[in-house]
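So you can see what is in the structure, the chains are spelled out below.
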Amino acid sequence: MITIRPGSDRGNADFGWLDSRHTFSFGNYYDPAHMGFGTLRVINEDKVAPGQGFSTHGHRDMEIISYVLDGSLAHKDSLGNGSVIRPGDVQRMSAGTGIMHSEYNASDTEPVHFLQIWVLPQEKGIAPGYEQTYFAPETRLNQLRLVGSPDGREGSVVIHQDLNLYAATLQAAASVTHALKAGRHAWLHVAKGAIKLNDYELSAGDGAAIAEETALTLVGGSEDAEVLLFDMAA
């Protein structure tokens, strides 16, 4: 069963410096029908104006993944980490028992466009942690590249949950297939472009909740598409 979550139906918060689209309930956007999917709790598509950003604030007991689509995002946290996240980078921050961090557009002239993703951890009260890894474009071209996993295999960042995160850039008419094992569900998020998922047409901002399917086939549309696939325990 595949249930489409149209991007046009997402929640929206526009503060001038920030335009944020919420796939699931977040902040002032509340929709009891869309509180998350399995252990996937948040997918926010954020566009931040040059020189602007989120001042220092706290989190706990959440796995937070940042995925930049365009531009650059500057990160600082109370563990002493400081970095700039760019397209191809995947950053995972485990809030655990508590962490403070800030996120700012690293450019004074260009906007930054990124996804902020929250995953519920398998255990509460773990030690806070941070990891950032770069995945070259050719490793994601017309193939699903594992970029996050519970065990860090294949060079992926470690997510403290039974969830495998894949990223792919699909060229026109390119096709990839992903097998879903018994007892697994999936969520697909289209970050850019347009694709076909089995018999469904999806475009940027759309999501799909997937359950009781054994195989997923993704086919690129008329322009390059960028997708994230979350394969998780049911």
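Engineer: Report on the sheet that holds strand β10 (residues 99–105), specifying residues and quantitative values.
Structural biologist: Spatially, the 4 strands line up as an open sheet ordered β5-β10-β7-β8, and their pairing is antiparallel. Both edges of this open sheet fall to β5 (53–59) and β8 (82–85), since each of them pairs with a single strand only. Between one strand and the next, the sheet's axes are offset by a mean angle of 20°, whatever the strand orientation. Where strand β7 (residues 73–77) lies against β8, 4 bridges are found, and the strand directions are antiparallel. Bridge pairing in β8 links L73 to I85.

Engineer: Quick one: what's the story with the packing of aromatic side chains, residue by residue and with numbers?
Structural biologist: In the structure shown here, the tally under the stated rule is 4 aromatic pairs. Seen in terms of ring centroids, W17 and F54 are 5.4 Å apart; in terms of plane orientation they differ by 75°. Their pairing is edge-to-face. Here W17 is found in the loop between β2 (11–14) and β3 (18–22), whereas its partner F54 is found in strand β5, with 37 residues between them in sequence.

Engineer: Give a detailed account of the pattern of salt bridges, specifying residues and quantitative values.
Structural biologist: Considering all chains together, one arrives at 9 salt bridges under this definition. Between D61 and R60 there is a salt bridge; the shortest N-O distance is 3.8 Å. Of the residues examined, R60 reaches a relative accessible area of 52% and is grouped as exposed. We note a salt bridge from E226 to R140, for which the minimum N-O separation is 3.8 Å. With E226 in strand β22 (residues 225–233) and R140 in helix α1 (residues 137–140), this pair connects stretches of sequence that are 86 residues apart. We note that E226, like R140, is buried. Through salt bridges with shared partners, a single network forms among D162, R184 and D231.

Engineer: Would you mind going over the side chain of D231 in detail, with residue names and values included?
Structural biologist: Tracing the chain through its elements places D231 in strand β22. A distance of 2.8 Å separates a polar atom in the side chain of D231 from a polar atom in the side chain of H178. Excluding residues within four positions of it along the chain, D231 makes contact with D162, L163, N164, Y166, H178, A179, L180, R184, H185 and A186.

Engineer: Please set out the environment of G27 residue by residue, giving values where relevant.
Structural biologist: Position of G27 relative to the elements: it lies in the loop between β3 and β4 (40–48). Exposure remark for G27: the relative accessible area of 67% places this residue in the exposed category.

Engineer: Talk me through the environment of G129; I want residue IDs and the actual numbers.
Structural biologist: Mapped onto the fold, G129 is located in strand β12 (residues 129–134). When its relative accessible area of 16% is taken as the criterion, G129 is described as buried. A sequence separation of 107 residues divides G129 from H22, and the C-alpha atoms of the two residues are 25 Å apart.

Engineer: Describe the nonpolar core, with residues and values.
Structural biologist: Nonpolar side chains in soluble globular proteins tend to be buried together. Counting 24 residues, the largest nonpolar core has L40, I117, L165, W187, L228 and F230 as the members making the most contacts within it. Elements represented by at least two residues in this core include exactly β4, β6 (63–70), β11 (112–119), β15 (163–170), β17 (184–192) and β22. Apart from the residues within four sequence positions on either side, F230 is in contact with L40, I43, I117, L163, N164, L165, H185, A186 and W187. In terms of nonpolar packing, the next biggest core, distinct from the first, is built from 21 residues, L170, L180, A208 and V227 among them.

Engineer: Outline the sheet that holds strand β20 (residues 207–210), listing residues and values.
Structural biologist: Spatially, β1-β20-β17-β22-β15-β13-β14 is the arrangement adopted by the 7 strands of the open sheet, whose pairing is mixed. Two strands close off the open sheet at either side, each with one partner strand: β1 (2–5) and β14 (157–158). Where strand β13 (residues 145–149) and β14 come together, 2 bridges link them in parallel fashion. Note that in β14 the partner of G148 across the bridge is V157.

Engineer: Please provide a residue-by-residue account of the side chain of E103, values included.
Structural biologist: As for its position among the elements, E103 is in strand β10. For the buried E103, no salt bridge is present, and the opposite-charge side chain at shortest range is R92, 13 Å distant. Reaching out from E103, the side chain makes a polar contact with the side chain of S66 at a distance of 3.3 Å. There is a polar contact of 3.1 Å between the side chain of E103 and the side chain of Q116. Apart from residues lying up to four places away in sequence, E103 is in contact with G53, F54, S66, L73, A74, F114 and Q116.

Conventions and cut-offs
- Residues numbered from 1 in each chain as written.
- Predicted model: local features only at pLDDT ≥ 70, side-chain atom pairs only at ≥ 80, totals over all residues.
- Heavy atoms only, no water.
- Pairing = 2+ DSSP bridges.
- Helix = DSSP H or I, 4+ residues; strand = E, 2+ residues; numbered from the N terminus.
- Axes fitted to C-alpha atoms, helices over the stretch in contact; angles between N-to-C directions.
- Phe/Tyr/Trp six-rings, centres within 6.5 Å; stacked < 30°, edge-to-face > 60°.
- Salt bridge = Lys/Arg side-chain N within 4 Å of Asp/Glu carboxyl O.
- Buried < 20%, exposed > 50% of the residue type's maximum accessible area, 1.4 Å probe, protein only.
- Polar contact = N/O pair within 3.5 Å; in protein donor to acceptor, adjacent residues only side chain to side chain.
- Contact = heavy atoms within 4.5 Å.
- Core = buried A, V, L, I, M, F, W, Y, C linked by side-chain atoms within 4.5 Å.
- Lys, Arg positive; Asp, Glu negative; His and termini not counted.

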